[in-house]
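What follows is each chain in one-letter form.
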Amino acid sequence: MTYTLTITDVADENIRQAILAPLRAYNDSQAGPSQGRPIVIQVKDPMDVTLGGLWGYTGYGWLFTQLLVVPESLRGQGVGTQLMQLAETEAITRACHSAWLDTFEFQARGFYERLGYSCFAELPNYPVGFSRFFMKKGLTALPV
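Please read these numbers as outputs of a predicted model, since none were measured by experiment.

**A closer look at the pattern of salt bridges**
Evaluated as defined, the whole model comprises six salt bridges. Across the pair Glu13 and Arg16 runs a salt bridge whose closest N-O atoms are separated by 3.6 Å. A residue pair is termed a helical-turn pair when its members lie 3 or 4 positions apart in one helix, as Glu13 and Arg16 do in helix H1 (residues 13-31) at three residues. On the basis of relative accessible area, Glu13 is assigned to the partly exposed category, the value being 44%. Arg16 gets classed as partly exposed once you look at its relative accessible area, which sits at 46%. Ionic pairing is found between Arg109 and Glu113, a salt bridge with its closest N-O pair at 2.9 Å. One end of the pair, Arg109, and the other, Glu113, are both in helix H3 (residues 109-114), four residues apart, so they sit about a helical turn from each other.

See the structure below:
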């Protein structure tokens, strides 16, 4: 088989899907379907404008929080905790047993630790002078 290698800085979603499809098929053949589903919780103002929120997905029994943003004007009021609790509750209804995320040293490690997350890995100097922390938490089933 002949081939070429092409490099670009354009994030074309069609190319991403073309790369992802065989990987997903292989993963499914090894571990079964991930049952992956997005989870999005928006923080909106009275004009219905999204100001922040949580973006992630559930799959393979895990909740992954990819993005969490609390608008500056709402920080310190429990909004971040509400977002995480809503996501975790939804994850439990989707049969997830655990959650994971990553955060930079200058972001919210302490916040996540207060919510029961623990650090399982650290990537030093990402960015230089700071670390990136990978955190996880077991999820408890909802009372019946």
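**Focus: the packing of aromatic side chains**
All chains considered together, the criterion is met by eight aromatic pairs. Note on Phe106 and Phe130: the rings are 5.0 Å apart at their centroids and 80° apart in plane angle, and the pair reads as edge-to-face. Of this pair, Phe106 sits in the loop between strand E4 (98-104) and H3 while Phe130 sits in the loop between strand E5 (118-124) and strand E6 (131-138), and the two are 24 residues apart along the sequence. Given the relative accessible area of 48%, Phe106 is considered partly exposed. Assessed through its relative accessible area of 35%, Phe130 is described here as partly exposed. Cation over ring: Arg109 sits above Phe133, and NZ or CZ is 4.4 Å from the ring centre.

**A word on the sheet that holds strand E2 (residues 50-59)**
Spatially, six strands are ordered E1-E2-E3-E4-E6-E5 in an open sheet, and the strand pairing comes out mixed. The open sheet terminates on both sides in strands that have one partner only, identified here as strand E1 (37-44) and E5. Within this sheet the neighbouring strands show an average axis-to-axis angle of 20°, counted without direction. Pairing of E1 with E2 involves eight bridges; the strand directions are antiparallel.

**Description of the nonpolar core**
Core analysis: the biggest nonpolar cluster contains 22 residues, and Met84, Tyr112 and Tyr117 have the highest contact counts within it. Among the elements of the structure, E1, helix H2 (79-93), E4, H3 and E6 are those that each provide at least two residues to this core. For this core, the leading source of residues is H2, giving six residues. Not counting residues within four places of it along the chain, the set of residues in contact with Met84 comprises Leu54, Thr65, Leu68, Leu101, Phe111, Tyr112, Leu115 and Tyr117.

Conventions used here
Residues numbered from 1 in each chain as written. Predicted model: local features only at pLDDT ≥ 70, side-chain atom pairs only at ≥ 80, totals over all residues. Heavy atoms only, no water. Salt bridge = Lys/Arg side-chain N within 4 Å of Asp/Glu carboxyl O. Helix = DSSP H or I, 4+ residues; strand = E, 2+ residues; numbered from the N terminus. Buried < 20%, exposed > 50% of the residue type's maximum accessible area, 1.4 Å probe, protein only. Phe/Tyr/Trp six-rings, centres within 6.5 Å; stacked < 30°, edge-to-face > 60°. Lys NZ or Arg CZ within 6 Å of the ring centre and 35° of its normal. Pairing = 2+ DSSP bridges. Axes fitted to C-alpha atoms, helices over the stretch in contact; angles between N-to-C directions. Core = buried A, V, L, I, M, F, W, Y, C linked by side-chain atoms within 4.5 Å. Contact = heavy atoms within 4.5 Å.

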